[in-house]
Amino acid sequence: MSEARWDVIVIGGGVVGCAVTRRFALAGAKTLLLERGRDILSGASKANSAILHTGFDAPPGSLEVACMQAGYQEYLDIHTRLNLPVLKTAALVVAWTEEQLAQLDGIVSKAHENGVDDARQISRQDLLGRETGLSTTALGAVEVPREYVIDPWSAPLAYLKQAVRAGAGYQFDTEVKSGAFDGEYWHLDTGQQRISGRLVINCTGTNGDNIEQICRKPGFEIRPRKGQFLVYDKSASALINSIILPVPTATTKGVVLTKTIFGNLLLGPTAEEQQDRNIATVEREMLDGLIATGIEMLPGLAGHSVTATYAGLRPATQFKDYQISAEPGKNWIGVNGIRSTGLTAALGIAAHVQRLCGETYSDLANFGPAAAAEWPVMPVLAEHEKRAYQQGDGTEIVCHCERVTRGEIEAALDESDVPARSLGGLRRRTRVMMGRCNGFYCSARVAELTQGRISPPLAGHEKDQS
Amino acid sequence: MSSVDIDVAIVGSGPSGIAAATALSKAGFKNIVVYERETNIGGIPRHTHHPSFGLRVFKRPMSGPKFIAALVRRCPDVRFETSTTITALRPGGVLELASASGLRTIRARHIILATGARETPRHGRMVPGLRPQGVITTGALQQYIYSAQLLPFERPVIVGTELVSFSALWTLRHAGIIPVAMIETGPRISAYRPATLFAKAMGVPIRYNTEITDISGIETLTQITTRTRGIKTATIPCDGLIFSGCFTGENTVAAASHLSLNASNRIPLVDQNWITSDPCVSAIGNAIHPADMGDQCYLEGAKAGAYVAQLLAGNISLDKAFSEIRRGEGIKMTTPSILRSDIFGEPHFDLSFHVTAPFRGAVRISQGEQVLNEKSINGLPMRRITLRNNRFATGYPVDVSLIAEN
Ligand SMILES: Cc1cc2nc3c(=O)[nH]c(=O)nc-3n(C[C@H](O)[C@H](O)[C@H](O)COP(=O)(O)OP(=O)(O)OC[C@H]3O[C@@H](n4cnc5c(N)ncnc54)[C@H](O)[C@@H]3O)c2cc1C
């Protein structure tokens, strides 16, 4: 294994790392993705709001808005071929105070400046006509018709699968600890292994500044910002039609109400600065605060139960914009500070990084003949599309809350590109155990189906080891 | 309008569903089907292996699987369709069914929902902390140990002290596991006091006035942090956490349908004969009163099934309209939750309810100025209180209220 020499090594299997791996693999580079977790999406990418943003409220002229808009467009261009879903909800930026109402004008002009020409202000009457569940204290809104909801887990998985089919490799449970550049190759050390490649691309999210140290002094500092979320039962999702956004403040986009692609209603996130890079807990007081905010906006939420709570860490820095740069002469590109817009921007970031690579390292510009793109077809998990249980895949439903069939579970474990090897990975690939009962009905059955196939196992682990 | 496919569709094969099917079968109905989404029939008892069933129905204690087997012997003609999930209920007796071959629709003259209950898990209770593996419910525990013969952990903590929490204890004992502790937010156990002896005999401490403030462990659970009496914090190393009790009805299908619901718990409203707001749909068992003992659910299902038999035989003409039962403060839920006239003798009803907190005093059922019934009670939240044979006038709301001792 230490003999293997890669063209490109991508460190970090979040949505950005997966998109970058795809882009370089398709360009013909022999690309390897390294991820310290047991599966892709072990960091910020597993816990976000899952909105495909137009970039209407991003800082005009920024790299962020450019990558978001390129990423947005590429997602729409490729999603049907990968069988990735889009829920075309539109978003409404709702003003709840006179002060916020006065800001709507500015939001519309910023949107227009960013090329989101169809954003427009709508009256209180129009707003309450469209969103009958909304509290009547709402005063008006900006409509952004092309803000959509997507599947935050299937998308990066599809990117990596496509990369694998184009010849890319990946390695989980692999944490890069240090590395050295010999003028031609990087030799990365994981404690167990030395892995060599000509170009390293750092996509490690909240660990970005630490990994950056391997090559250079980072010009930024990661300041993790935690976001806590509540997922309401599917019964609540009919309470809204569009994504309900607040008027943003200087520091945060604020608390959002949105449908999820899986038919739930999502409320969050909070925005809390914290020191720890990896641990994101949910806290009762913050959740109670979120619920109160949610009910204030959407009174009907009160009778509905909570299916899940979770927290994620945004890899923010002291700067507003992304921190993406190549180190001349050192074959190293850092992709950092992809705060809270990475899901949308990932494909755009990947294209940007490829361009940056070509500009900075002329010898690396052409890796080889571009790979013929194969298009993996992702399983249908979106609630508004025809799921396996509705088609009848010949197997019984195992998870009753999310209606996941045995066939779907087996497929996720058996598939050859990037099979599920952990419970988290299986849950994100199939929705199993993601529902309101948290596994009351199906977890023992899932333990049986996954025995010897996931790590850590759901059950019997002490016995298995002896 | 498509033609009717079957007489009665029963959704759920737990004790209440089996009971309703048995009653209908005894009344001569042949074209009835019990739909069950699991691969085996029996509902919760199918994985509850200790002898806590059968006392009222068979006058002897039996394990859950034996109880179910004995119930099934009483209804040899009933057809069960397993691995079949009802995914939607529509007006006009229409059900959408999912099975291995996909979706199909059937129409029944009457539908009985007997979909049971489950425990509120960690997320529904919004318990803080991380999300490691090893955090489950009693229902899942029973399936791990009894159905799959797998051990999810070896040093768990049980959250709650309801009857089912002691079922968890029993199940663990069967697997040779002694839990680290049981924790309870209140000052006493929720189950009947003698249950503490069982915990004592196993050497399991019960920590009262205690709540969980943190769950730790990145992949698998390593410890929990608790707070007692709002001040004293402690960490308990453990590799499993069992959230027991705190039942909620499994009413996904009903709640997404045209049926009228109780706004606070999204349980379908039922009248004194278990008929919902739609006269061709009944709802019975733990789905509408999470959660009572299996025997109680069986006896209720039998009555509800017999009533539907009368209805389908044309012996009863049912009023579409109904009146509400209004709950006073301190009353969690009532069964029935609505009343309707069925022009079938003098209207009367039995009322069961639970209190939200321990209560000593009287309960009064009244209609306007008129007191229909009054009884002194010593109520605990898990104890089901029943007032029988209350006569009422149709068309007016009925009030149930608690009157404190002075
Ligand atoms: C963990 C646990 C332990 C318990 N222990 C005891 C005990 O020891 N003794 C005791 O007396 N009681 C016990 N109980 C109470 C128990 O719920 C009752 O004994 C009894 O099972 C209730 O009967 P039921 O028919 O209403 O519901 P259930 O037994 O829950 O049956 C409902 C059935 O409906 C099926 N179903 C649900 N939705 C659908 C759908 N959409 N389509 C098709 N099928 C569907 C379910 O799969 C299930 O099989 C326990 C409960 C729990 C949760």
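Residues numbered from 1 in each chain as written. Chains lettered and ligands numbered in written order. Predicted model: local features only at pLDDT ≥ 70, side-chain atom pairs only at ≥ 80, totals over all residues. Heavy atoms only, no water.

Chain B appears in an unreviewed UniProt entry as FAD-dependent oxidoreductase from Parasedimentitalea marina.

As annotated in an unreviewed UniProt entry, chain A is FAD/NAD(P)-binding oxidoreductase from Parasedimentitalea marina.

All right, on to the domain arrangement of chain A then. Residues and elements named next belong to chain A. The domain boundaries assigned to chain A delineate domain 1 (5-48 + 153-220 + 319-361), domain 2 (87-148 + 222-317) and domain 3 (388-450). Computed over C-alpha atoms, the centres of domain 1 and domain 2 are 31 Å apart. Listed per partner, the contact involves 20 residues of domain 1 and 16 residues of domain 2. Of the roughly 1,400 Å² buried between domain 1 and domain 2, counting both surfaces, carbon and sulfur atoms make up 56%. On the surface where domain 1 and domain 2 come into contact, there are one salt bridge. Across the salt bridge formed by R277 and D209, the nearest N and O atoms sit 2.9 Å from each other. Linking domain 1 to domain 2 there are six residue pairs in polar contact (both at pLDDT 80 or more). Here the side of domain 1 that touches domain 2 gets three residues from one element, more than from any other, and that element is helix α6 (residues 208-212). Of the residues that constitute the side of domain 1 that touches domain 2, the class distribution is six nonpolar, 10 polar and four charged. (Domains from an automatic or database assignment. Contact = heavy atoms within 4.5 Å. Buried area = accessible area lost by both parts, 1.4 Å probe. Salt bridge = Lys/Arg side-chain N within 4 Å of Asp/Glu carboxyl O. Polar contact = N/O pair within 3.5 Å; in protein donor to acceptor, adjacent residues only side chain to side chain. Helix = DSSP H or I, 4+ residues; strand = E, 2+ residues; numbered from the N terminus. Nonpolar A, V, L, I, M, F, W, Y, C, P; charged D, E, K, R; others polar.)

It is worth spelling out the pairing of strand β6 (residues 102-113) of chain B at this point. Residue and element names in this part refer to chain B. Inspection of the sheet shows strand β1 (residues 6-11) paired to β6 by five bridges, in the parallel sense. By the bridge assignment, I6 is partnered in β6 with A108. Sheet topology note: the strand β5 (residues 94-99)/β6 ladder contains six bridges and is antiparallel. Across the sheet, V94 pairs through a bridge with R107, a residue of β6. Linking two consecutive strands that pair antiparallel, namely β5 and β6, is a turn of two residues. (Pairing = 2+ DSSP bridges.)

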